[in-house]
Amino acid sequence: KTAYEIKECDWSSDVCSSDLYTGIINRDISAMVARTGHFDRIVISDAGFPIPAGVPCIDLSMGPNLPKVPDVLKMLALELPVEQFWFANEIQPSADARSKELLEIFPKAECIPLPHAEFKKLAYGAVGVIRTGDYHAYGNVMVASGVAY
């Protein structure tokens, strides 16, 4: 079952997000994904990203580099059709390397590198932020939901 199949707990039939067999088992992330509509954006942030005021944040950080942004993206790819994604082009060692890494996770999505300052502005319109413990500078990625059909 996926987050699209189970959107909320239904105690009358004993179906709950804990019934997910594969994919995301974090109930808050599962609920965020289930509420996400076409072109809604979710930010997967590194440990130092400034969370925009008013944007809900799910904090997964456990310690230095735990988890990393790509780990969360790989799990999101199991549950969320991604049409576009953005990342800061200042990332090192190169934006090309980051594009390649992300296109392996989201092969059908449009890749949009942009300056970090623009990324932060775009984050204000996100439906949520998933904060990781990633210490990779400029490691943030924002995804836009696609449709499953």
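Report on the accompanying structure. Everything numeric here is computed off the predicted structure, so don't read it as measured data. (Residues numbered from 1 in each chain as written. Predicted model: local features only at pLDDT ≥ 70, side-chain atom pairs only at ≥ 80, totals over all residues. Heavy atoms only, no water.)

1. Details of the pattern of salt bridges
If you walk through the whole model with that rule in mind, you get three salt bridges. A salt bridge links E101 to R98; the shortest N-O distance between them is 3.0 Å. Residue E101 and its partner R98 are both found in helix α3 (residues 95-105); the two are separated by three residues, about one turn of the helix. The partly exposed category is assigned to E101, whose relative accessible area is 31%. Given the relative accessible area of 5%, R98 is considered buried. Residue K121 is joined to E118 by a salt bridge in which the shortest nitrogen-to-oxygen separation is 3.5 Å. Residue K121 and its partner E118 are located together in helix α4 (residues 116-123), separated by three residues, close to a single helical turn. Look at K121 and you get exposed, because its relative accessible area is 57%. (Salt bridge = Lys/Arg side-chain N within 4 Å of Asp/Glu carboxyl O. Helix = DSSP H or I, 4+ residues; strand = E, 2+ residues; numbered from the N terminus. Buried < 20%, exposed > 50% of the residue type's maximum accessible area, 1.4 Å probe, protein only.)

2. Some details on the packing of aromatic side chains
Per the counting criterion, the structure on display carries two aromatic pairs. Considering the side-chain rings of F85 and F106, the 6.0 Å spacing of their centres and the 40 degrees angle between planes classify their relative orientation as tilted. In this pair, F85 sits in strand β3 (residues 82-88) while F106 sits in the loop between α3 and β4 (110-114), placing the two residues 21 residues apart along the sequence. The two residues F85 and F106 agree in class, both being buried. (Phe/Tyr/Trp six-rings, centres within 6.5 Å; stacked < 30°, edge-to-face > 60°.)

3. Quick word on the nonpolar core
Judged by nonpolar contacts, the single largest core of 25 residues is most densely connected at L73 and V143. Of all elements in the fold, only α1 (27-35), β1 (41-45), α2 (69-79), β3, α3 and β6 (141-145) reach the threshold of two or more residues within this core. When residues of this core are assigned to their parent elements, the largest contribution, four residues, is made by α2. Ignoring any residue separated from it by four or fewer positions in sequence, one finds L73 in contact with I44, L102, I105, F106, V141 and V143. In terms of nonpolar packing, the next biggest core, distinct from the first, is built from 11 residues, F119, A123, A126 and A144 among them. (Core = buried A, V, L, I, M, F, W, Y, C linked by side-chain atoms within 4.5 Å. Contact = heavy atoms within 4.5 Å.)

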